[in-house]
Amino acid sequence: MAKEKIDRAQLRIDEENANHTGEWLTQEVCEYYREQAASINEYDPQDVLRHREMRLELQEKYGLTEIEAINILNGNNIGDYLLKYRRIMNREKLIEK
């Protein structure tokens, strides 16, 4: 049973790798967008349009989901997203426990 679950998870990673569009997410990319969002917040916290533009840019350029892009702009869960996309990019095998 556990092996089947791991096999399905590995198939999902392989599928996500094959379907990934755009560039791969990196620490530098996350830092850049987070800094840009922070500078907008300092200058004009109500600038929703610029935040939306950056969110859409992250989604289109790096193949992120909407919530992932929002969280990166806010500095949340960045390590989790970097790990997720590194595993997808490298098609890393899941370890059976």
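So, here is what we can say about the structure in this document. (Residues numbered from 1 in each chain as written. Predicted model: local features only at pLDDT ≥ 70, side-chain atom pairs only at ≥ 80, totals over all residues. Heavy atoms only, no water.)

### Some details on the packing of helix α4 (residues 66-74) against helix α5 (residues 78-90)
Going by this rule: All axes are obtained by fitting lines to C-alpha atoms, using only the stretch in contact for helices, and the reported angles, taken between N-to-C directions, cover 0 to 180 degrees. Strands are runs of DSSP state E lasting at least 2 residues, helices are runs of H or I lasting at least 4, and numbering of each runs from the N terminus. Roughly parallel refers to an angle under 35 degrees, roughly antiparallel to one over 145, roughly perpendicular to one between 65 and 115, and oblique to any angle outside these ranges. Handedness of each helix crossing follows the sense of rotation of the near helix against the far helix: counterclockwise by less than a right angle gives left-handed, clockwise gives right-handed. The contact criterion used throughout is that any non-hydrogen atoms of two residues lie within 4.5 Å. Each residue gets one label: Ala, Val, Leu, Ile, Met, Phe, Trp, Tyr, Cys and Pro are nonpolar, Asp, Glu, Lys and Arg are charged, and the others, such as Gly, are polar.
The interhelical angle for the contact between α4 and α5, taken along N-to-C directions, is 135°, at an axis separation of 9 Å. For the element pair α4 / α5, the angle class is oblique. As α4 runs across α5, the sense of the crossing is left-handed. Here I67, E68, N71 and I72 of α4 lie close against α5, whose contacting residues are I78, Y81, K84 and Y85. Taken together, the residues of the contact of α4 with α5 break down into five nonpolar, one polar and two charged.

### Concerning the side chain of E68
Selection rule: The rule is simple: take the accessible area with a 1.4 Å probe, protein chains only, and divide by the maximum for that residue type; under 20% is buried, over 50% is exposed, in between is partly exposed. As used in this structure description, the phrase polar contact means that two N or O atoms lie within 3.5 Å; if the pair is within protein, one of them must be able to donate a hydrogen and the other to accept it, and residues adjacent in sequence are counted only when both atoms belong to side chains.
Along the polypeptide, E68 turns up in helix α4. Using a relative accessible area of 4% as the deciding quantity, one classes E68 as buried. A polar contact of 2.6 Å, which involves the side chain of E68, links it to the side chain of Y85. Setting aside its immediate chain neighbours within four residues, E68 contacts Y81, K84 and Y85.

### What about the nonpolar core?
Quick reminder of the rule: For this analysis, a nonpolar core means a set of buried residues of the types Ala, Val, Leu, Ile, Met, Phe, Trp, Tyr and Cys, connected via side-chain atoms within 4.5 Å.
Residues L25, Y33, L58, L64 and I72 are the most contacted members of the largest nonpolar core, which totals 18 residues. Elements represented by at least two residues in this core include exactly α2 (27-43), α3 (48-62), α4 and α5. Among residues more than four places away in sequence, those in contact with Y33 are M54, E57, L58, K61, Y62 and L73.

### A few points about unusual backbone geometry
Of note, the phi angle at N77 is positive, near 60°, even though the residue is not glycine. Along the chain, N77 turns up in the loop between α4 and α5. According to the relative accessible area criterion, N77 is partly exposed, its value standing at 41%. You will see that R91, though not glycine, has its phi angle at about 50°, which is positive. Tracing the sequence through the fold places R91 in the segment after α5. On the accessibility criterion, R91 (43% relative accessible area) is partly exposed.

### Considering the packing of α2 against α3
One way to put it is that α2 packs onto α3 with a least axis distance of 10 Å and a crossing angle of 170°. As judged from the angle between their axes, α2 and α3 are roughly antiparallel. On α3, the residues that touch V29, Y33, Q36, A37, I40 and N41 of α2 are R50, H51, M54, E57, L58, K61 and Y62. Looking at side-chain class alone, the contact of α2 with α3 contains seven nonpolar, three polar and three charged residues.

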